Amino acid sequence: MTMRLPKGFLRLTGTALSLSAGLVLLGTQNATLAATQKAATRHSAGHKTAARHKPVHAAPEAIQVTGSRAQRFLTTAATVNVLSGRELQALHITSPKDLAAYTPGLTAVNATSGSTPVFSIRGIGLDDYTGNNMGGIGIYQDGVFAPYPVFYTGQMFDTQMVSVEKGPQGFDYGRSSTGGNIAVETTKPDGKFGGYVNWGYSSYGTNTASAAINVPISDRIQNRTAFSYINGDGWQRDIHTSKRYGSQDQLGLRNLTRFLIDDRSNLLLNIHYTRDKGISMSPQDVDGDAVNGFANGTVGVGPNASYKAVNVGSNRVGRNENGGGVSINYTHDFNWGQFVSTTAFDAFRRSDYDNYDGESISVGDYHWNDTSLAQSHDMHLKMDLAKRFHLTVGIYESWDKINGAYTSYRSFLLGVPNGNLTDRFVQQNVSTGLYVSTVTNVLKNLDFIASGRFSWDDRGFNGGTIDDAGALTTKGAYLSRLDTTHSYARLTGRVGLRYTIVPGTLVYGTISNGYKAGAYFAAPVSAPQALDYVRPENMIAYEIGAKTSLLNNHVQIEGALFDYEYHNRQTLFVAEMPMNITSLSLGPIPRARTRGGELSSTLHDLIPNLDLRGSFAYLDAQNISPVNDIGGLPLLSTVSAHSVLPFAPRFSWNAVARYGIDLPRAYRLTLQTSYTWKDNMLVALGDPNGVTDKISSFGMRMEVGPKTGKWTAAVYVDNMLNKHGNTYSFTGSDNSRVQFLQTPRWVGCDLRYNF
């Protein structure tokens, strides 16, 4: 591993102390960490004693972060943002994509109608709208890695906590990633009977229902069953047919069974299922009239369209998704450490129709038809040796396969009936990793961090784009085809120092490099060059930061400055294809760089009954190397040196205030207000239309219930100012501008009963 200090790194180091002094009351790290740190136990949540620990009666089904995990996040030499299950509920976060509004440096958008969310941490991701590629962010559900976007489009329900770990990962668990990890952890079974029932009703006839029941089957077997269902009318309306789009019909089921083998060992069986049969959102084509010569909105909705107006016509739009799987987690505690083994298998079937072009004619509509399989196993051992040396060693392996047929309906553009282009392909990936991570206490308050990983990936692709109607070549012939396999091995590592100034306050500095496997572009394209393999992405990351917990854990502050240098950054470009067709294609940026900083903090009950949280992030992301073409295909717009990288808003911030008021008869009223704001950002390079608006949302919530927490009733409003910003836009196949808009004002109520 080769690392070199950039010229600005010493200047970053010089500002580390001023960073911790200048932190303001901003943050997303939840206040439950403070309470749970005091209750830290020696063993993990999987230990038998922890599993039988009785919750406080005053707050049934309270979502808490276990003490050992709280300690880890507060002492990790990296930026980690955490949201508890209680916060997820209060902020109406129901999917991983919703986390971005309240996490500094994290962005998430739907590149299509919702089946392909694109995540980015500090400008690192993969802005691909197809379904066959993982991004630079590792998404985990209960320790299981999700290799394809479809695996994390479902709901988050009965969630204990979500953590966002930033910077190159893969040294402590899982798969190598360049940007970070998002880890979702569900609430685990325990030894006490209990649960909850939750029902809500909100705008556009949306009903939500969720429940969980925890049953101790015996002294050594515990079970927890949970479900969630969302059903609602769409908020969009067709300008001609009045049909609604963007409706929801989502179901999620999960059953967790924990077997307490002995006082030190337990096994957790996780069986889960999800399905989605909603009607997809549709974008607006605001330039369709002028480009194609039609008037009165017969093609597009026009430049001054209502935020609800779409033009789908008779085009088929809908979603039919089903997925599920099983995982087994085995944990054994030793006096000197812990062994963890997680094995999982998941499958997902998708058949979605998107009005991707925003028009009622077939310019570029899509049918996403694929089946994904994924198997993985992670096994690691954590050891504390001689009280000065902490060691983690592990191995990760996975196999995944996707069999797809992605069809682009282009009969209007190609001028022939059934003028469709279909990419039929099979992609198969094998990934293996060996990792080791150490923390050595070299002086009383000084720790030296050293980690390493060997990764090996083998990725194969067989398929290409077929001309279904013979518009460009012989009917049924391939316009582009690829049959290839690429293997790649990479050593990555991390070194750093962590200094504890006083208990609860530390500063750190790390240098690490990250690696992401190569990728194939599976969208229907008419040029062979657009289908080619994109080599792996590599990155060197420098970070300095500070964390502190003050005034008996009532104030928590975290901040960091970072500098990332990319080599062969994978990203989307808009290129000119044959027959004057524009199309997205995946390609590399030889060199790019991102610099920035983040601040986050929590003020918990310092003023009685008041919690304040917020965060602020700054990004300066730009490509160093200019790009003029992709495989010889000219770009729609040349990408010059020092232009901005996609999915990297320069500024973003959020704030949440929550205040409790004691009422007569042992009741309590809680008032909450929240505000989120993100700067505009690019979504693809070489695309003059590929830029979002500045997105903001203001929300309020009021809930009341007995102080025992037996039940709560709440009313809320999200996006109260009814903003309609453009969250994702691009140049369509006919060179028109197409855009997706943010969800409008949403008003609702929730009723929850704990037992």
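On a predicted model such as this, the values are computed, not experimentally measured, just so you know.

Each value, and the rule that gives it
Residues numbered from 1 in each chain as written. Predicted model: local features only at pLDDT ≥ 70, side-chain atom pairs only at ≥ 80, totals over all residues. Heavy atoms only, no water. Helix = DSSP H or I, 4+ residues; strand = E, 2+ residues; numbered from the N terminus. Buried < 20%, exposed > 50% of the residue type's maximum accessible area, 1.4 Å probe, protein only. Contact = heavy atoms within 4.5 Å. Phe/Tyr/Trp six-rings, centres within 6.5 Å; stacked < 30°, edge-to-face > 60°. Lys NZ or Arg CZ within 6 Å of the ring centre and 35° of its normal. Patch = residues over 30% accessible without salt bridge, like charges linked within 9 Å, V, L, I, M, F, W, Y side chains within 5 Å. Areas by Shrake-Rupley, 256 points an atom, 1.4 Å probe, with all protein chains shown as cover. Salt bridge = Lys/Arg side-chain N within 4 Å of Asp/Glu carboxyl O. Pairing = 2+ DSSP bridges. Core = buried A, V, L, I, M, F, W, Y, C linked by side-chain atoms within 4.5 Å. 1 Å grid on protein atoms, 1.4 Å probe; cavity = no way out; pocket = protein on both sides within 12 Å on 5 of 7 lines; lining within 4 Å. Points joined across faces, edges and corners; volume = space filled by probe spheres on them. Polar contact = N/O pair within 3.5 Å; in protein donor to acceptor, adjacent residues only side chain to side chain. pLDDT = per-residue confidence, 0-100.

Asks: Got a sec to walk through the overall build of the chain? Specific residues and values, please.
Replies: Each helix and strand counted, the chain has 8 helices and 38 strands in total. When burial is assessed residue by residue, the chain has 60% of its 755 residues classed as buried. A fraction of 69% describes how many contacts in the chain between residues 6 or more apart in sequence connect residues 24 or more apart.

Asks: Can you tell me about unusual backbone geometry, naming the residues and giving the values?
Replies: The backbone of Ala 386 shows a phi angle near 60 degrees, a positive value even though the residue is not glycine. Relative to the helices and strands, Ala 386 is located in the loop between strand S20 (365–385) and strand S21 (389–409). Here Ala 386 falls in the exposed class, since its relative accessible area comes to 72%. The phi dihedral of Leu 551 is positive, around 50 degrees, even though this residue is not glycine. Position of Leu 551 relative to the elements: it lies in the loop between strand S26 (537–550) and strand S27 (555–577). The exposed category is assigned to Leu 551, whose relative accessible area is 54%.

Asks: Tell me what's going on with the packing of aromatic side chains, and back it up with residues and numbers.
Replies: Per the counting criterion, the structure on display carries 28 aromatic pairs. Note on Tyr 356 and Tyr 366: the rings are 5.4 Å apart at their centroids and 85 degrees apart in plane angle, and the pair reads as edge-to-face. Residue Tyr 356 is located in the loop between strand S19 (337–354) and S20, and its partner Tyr 366 is located in strand S20; the two are separated by 10 residues in the primary sequence. A relative accessible area of 6% places Tyr 356 in the buried class. Centroid distance Tyr 356 to Phe 730: 4.5 Å. Interplanar angle 15 degrees. Geometry classified as stacked. A residue pair is termed long-range when its members are at least 10 positions apart, and Tyr 356 in the loop between S19 and S20 and Phe 730 in strand S36 (residues 726–731) qualify at 374 residues. For Phe 730, a relative accessible area of 5% gives the class buried. Three or more aromatic residues joined by ring pairs make a cluster, and in this case those are Tyr 129, Tyr 356, Tyr 366, Trp 368, Tyr 406, Phe 425, Phe 461, Tyr 520, Phe 521, Tyr 533, Tyr 728 and Phe 730. One cation-aromatic arrangement involves Arg 481 over Tyr 478; the distance from NZ or CZ to the ring centre is 4.6 Å.

Asks: Give me a nonpolar patch on the surface: which residues, what numbers.
Replies: The grouping of Met 379, Ile 395, Leu 434, Phe 454, Trp 456 and Leu 491 at the surface amounts to a nonpolar patch, some 510 Å² of accessible area in total. By the element assignment, Phe 454 lies in strand S23 (residues 446–467).

Asks: Which residues make up the sheet that holds strand S12 (residues 236–238), and what values go with them?
Replies: Ordered by their spatial adjacency, 3 strands build an open sheet running S13-S12-S17, and the pairing between neighbours is mixed. In this open sheet, the two strands that pair with only one neighbour each are strand S13 (244–245) and strand S17 (309–310).

Asks: I'd like a rundown of the pattern of salt bridges, residues and numbers included.
Replies: The full count for this structure, using the stated rule, is 27 salt bridges. Between Glu 558 and Lys 547 there is a salt bridge; the shortest N-O distance is 3.5 Å. With a gap of 11 residues between them, Glu 558 in strand S27 and Lys 547 in strand S26 connect regions that are remote in the sequence. Its salt-bridge partner being Asp 563, residue Arg 593 comes within 2.5 Å of it at the nearest N-O pair.

Asks: Any chance you could break down the sheet that holds strand S4 (residues 124–125) for me, citing the residues and the numbers?
Replies: Taken in spatial order, the 3 strands line up as S2-S3-S4 in an open sheet, and their pairing is antiparallel. This sheet does not close on itself; its edge strands, each paired only once, are strand S2 (106–110) and S4. Sheet analysis places strand S3 (residues 117–121) next to S4, joined by 2 bridges and oriented antiparallel. Note that in S4 the partner of Ser 120 across the bridge is Gly 125.

Asks: Account for the nonpolar core, with residues named and values stated.
Replies: If you look at the biggest cluster of nonpolar residues, it comprises 69 residues, and the most contacted ones within it are Tyr 129, Phe 521, Phe 573, Met 577, Leu 584 and Tyr 728. In terms of residue count, S27 provides more of this core than any other element does, 8 residues in total. Among the nonpolar cores identified, the runner-up in size contains 21 residues, and Ile 93, Leu 106, Val 164 and Val 184 belong to it.

Asks: Tell me what's going on with the environment of Phe 345, and back it up with residues and numbers.
Replies: Inspection of the secondary structure puts Phe 345 in strand S19. Placed 28 residues apart in sequence, Phe 345 and Leu 373 show a C-alpha to C-alpha distance of 7.6 Å. Setting aside its immediate chain neighbours within four residues, Phe 345 contacts Gly 324, Gly 325, Val 326, Leu 373, Ala 374 and Gln 375.

Asks: Which residues make up the pairing of S19, and what values go with them?
Replies: Bridging between strand S18 (residues 321–334) and S19 involves 14 bridges; their strand directions are antiparallel. Bridging across to S19, Val 326 finds its partner in Phe 345. What sits between the antiparallel neighbours S18 and S19 is a turn of 2 residues. Examined bridge by bridge, S19 and S20 share 18 bridges and lie antiparallel to one another. The residue of S20 that forms the bridge with Ser 341 is Met 379.

Asks: Got a sec to walk through empty space enclosed by the protein? Specific residues and values, please.
Replies: To locate leftover empty space, one rolls a probe as large as a water molecule over the atoms. Taken as a whole and judged by the stated rule, the model has 10 cavities of 30 Å³ or more. Roughly 530 Å³ of volume is contained in the largest cavity. What lines the largest cavity is a set of 32 residues, and nearest its centre among them are Gln 141, Phe 151, His 272, Thr 274 and Asp 346. Every element with two or more residues in the lining of the largest cavity is listed here: strand S5 (137–141), strand S6 (144–145), strand S14 (248–260), strand S15 (265–276), S18 and S19.

Asks: Explain the side chain of Asp 276 to me, and be specific about the residues and the numbers.
Replies: Here Asp 276 shows up in strand S15. When its relative accessible area of 8% is taken as the criterion, Asp 276 is described as buried. Only 3.4 Å separates the side chain of Asp 276 from the side chain of Gln 250, close enough to count as a polar contact. For Asp 276, the residues in contact, after removing those within four places along its chain, are Asp 249, Gln 250, Arg 319, Asn 320 and Glu 321.

Asks: Account for the pairing of S20, naming residues and giving values.
Replies: By the bridge criterion, 21 bridges tie S20 to S21 in an arrangement that is antiparallel. Note that in S21 the partner of Lys 382 across the bridge is Thr 392. What sits between S20 and S21 in their antiparallel hairpin is a turn of 3 residues, with Ala 386 showing a positive phi close to 60 degrees.

Asks: Tell me about the environment of Val 312, residues and numbers included.
Replies: Mapped onto the elements of the fold, Val 312 is located in the loop between S17 and S18. Note: C-alpha distance between Val 312 and Gly 300 (12 residues apart in sequence) is 9.2 Å. Look past the residues within four positions of Val 312 in its chain and what remains in contact with it is Asp 238, Tyr 245, Ser 282, Val 317, Asn 355, Glu 359 and Ser 360.

Asks: Describe the confidence of the model for the chain, with residues and values.
Replies: Averaged over every residue, the pLDDT of the chain is 86; residues scoring 70 or more account for 88%. Every residue in residues 1–69 is under pLDDT 50, and counting partners more than four places away or in other chains gives 165 contacts.

Asks: Account for the side chain of Lys 166, with residues named and values stated.
Replies: Relative to the helices and strands, Lys 166 resides in strand S7 (residues 159–166). Residue classification places Lys 166 among the buried residues on the basis of a relative accessible area of 2%. From its side chain, Lys 166 meets the backbone oxygen of Pro 104 in a polar contact 2.3 Å long. Sequence-distant contacts of Lys 166, defined by excluding residues within four places in its chain, comprise Ala 78, Thr 79, Asn 81, Thr 103, Pro 104, Gly 105, Ile 121, Arg 122, Gly 179, Gly 180 and Glu 598.

Asks: Could you give an account of the environment of Arg 591, with specific residues and numbers?
Replies: In this structure, Arg 591 sits in strand S28 (residues 581–604). Classification of Arg 591 as partly exposed rests on a relative accessible area of 38%. The spatial distance from the C-alpha of Arg 591 to the C-alpha of Asn 568 is 6.1 Å, given a sequence separation of 23 residues.

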